[in-house]
Amino acid sequence: MVSSEQRRRQLAREKYERQTQRRAEAASARRRRNTILGASLAVVVLAGGGLLAGGAFSSDKDKGTSAAATPQAAPSQSDPAQADPAATPTRKPVEGCAAPAAGSPNGKQFKAEPAMSIDKGASYTMSLDSNCGKVTVTLDAAKAPHTVNSFNFLAGEQYFDHTKCHRLTTDGIFVLQCGDPTAKGSGGPGYQFADENLTGATYPAGTVAMANAGPGTNGSQFFLVYKDTQLPPNYTPFGKITGGLDVVQKIAAAGTLEGAGDGHPMADVTLNSVTVSKG
């Protein structure tokens, strides 16, 4: 006879399996729409001529759509399946990562790209102060002025504060993706702007570049390259990590929550604050 506890676990497991199937179907649809760092990354061509099916990495926000939430790859804390440890991944502590600072994203939305306010000839530095350590990025205002201007504006609005780095890829491409206040891959600031600095673009370790859902769809999501990565020149490179690359590599070394090559970081990476300074 099945006990009530066994029945509860069975129901929780069945619900989790249904949710996983729906998420898999949604992910497949997103890949078909070329929304995960470009369909060109769905298959990564290796130097030896072979093919590696790779998890792609970009904004899941389609052109002209709102920042509606898409299913997360892992259950939320309110999901009843959390009651069954066998049915859901368990986040493990990662050395060097503390609890995030208290607070939540402000979720501000803006009707249009901000007016140009930066000096294209000046130097700018972006500081990502996370619960796992600080990452310093030198921004390229000369080659990517609109991108740097947008980050300068959004950082001034505390838009990135308390946002999570929601995606990590450790197979085929090697990037940590951040900048989405919803932490679901669909969020943005309410405006989009054109690509920049794509001619001859490469993505060695330390590159900071924009995620997108196709040409001209840059918003707030960006990725940090922690290991040399081969990508087509479709993603605006706008900065270089000059301090804290080891922080990103440590996060990557801990792997994903799901145990796959593409998923949520095992480390609960949160940007406690993001600032941009001139000079």
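Scroll up a little and you will see the structure.
Residues numbered from 1 in each chain as written. Predicted model: local features only at pLDDT ≥ 70, side-chain atom pairs only at ≥ 80, totals over all residues. Heavy atoms only, no water.

*Asks:* Which residues make up the overall build of the chain, and what are the values?
*Replies:* When you go through the chain residue by residue, the secondary structure sums to 3 helices and 12 strands. When the 279 residues of the chain are sorted by exposure, 47% land in the buried category. Put simply, 74% of the contacts in the chain that link residues at least 6 apart link residues at least 24 apart. Looking at the chain as shown, the accessible area adds up to about 12700 Å², and 53% of this sits on carbon and sulfur atoms. (Helix = DSSP H or I, 4+ residues; strand = E, 2+ residues; numbered from the N terminus. Buried < 20%, exposed > 50% of the residue type's maximum accessible area, 1.4 Å probe, protein only. Contact = heavy atoms within 4.5 Å. Areas by Shrake-Rupley, 256 points an atom, 1.4 Å probe, with all protein chains shown as cover.)

*Asks:* Break down the pattern of salt bridges for me, with residues and values.
*Replies:* Summed over the entire model, instances satisfying the criterion amount to 3 salt bridges. With its nearest N and O atoms 2.8 Å apart, the salt bridge here joins Lys 108 to Glu 157. With Lys 108 in the loop between β2 (51-53) and β3 (124-130) and Glu 157 in the loop between α2 (145-156) and β5 (163-164), this residue pair connects regions lying 49 residues apart in the sequence. Judged by relative accessible area, Lys 108 falls into the partly exposed class, the value being 32%. Between Arg 167 and Asp 262 there is a salt bridge, with its nearest N and O atoms 2.9 Å apart. Taken together, the residues span a long stretch of sequence, with Arg 167 in strand β6 (residues 167-169) and Asp 262 in strand β11 (residues 262-263) at a distance of 95 residues. With relative accessibility at 16%, the residue Arg 167 sits in the buried group. (Salt bridge = Lys/Arg side-chain N within 4 Å of Asp/Glu carboxyl O.)

*Asks:* Could you give an account of unusual backbone geometry, naming the residues involved and the relevant values?
*Replies:* Phi is positive for His 162, which is not a glycine, with a value near 75 degrees. Residue Asn 197 is not a glycine yet carries a positive backbone phi of 60 degrees. Mapped onto the elements, Asn 197 comes out in the loop between β7 (175-178) and β8 (207-210). The exposure class of Asn 197 is partly exposed, given its relative accessible area of 26%.

*Asks:* An account of the nonpolar core is needed here, citing residue identities and associated values.
*Replies:* Counting residues in each nonpolar core, the largest one holds 44 residues, and the members touching the most others are Met 126, Leu 128, Phe 222 and Phe 238. Excluding residues within four positions of it along the chain, Leu 128 makes contact with Gly 133, Lys 134, Val 135, Val 137, Phe 222, Leu 224, Leu 271, Ser 273 and Val 274. Among the nonpolar cores identified, the runner-up in size contains 10 residues, and Ile 173, Ala 201, Phe 223 and Val 225 belong to it. (Core = buried A, V, L, I, M, F, W, Y, C linked by side-chain atoms within 4.5 Å.)

Purely geometric numbers; function is a separate question.
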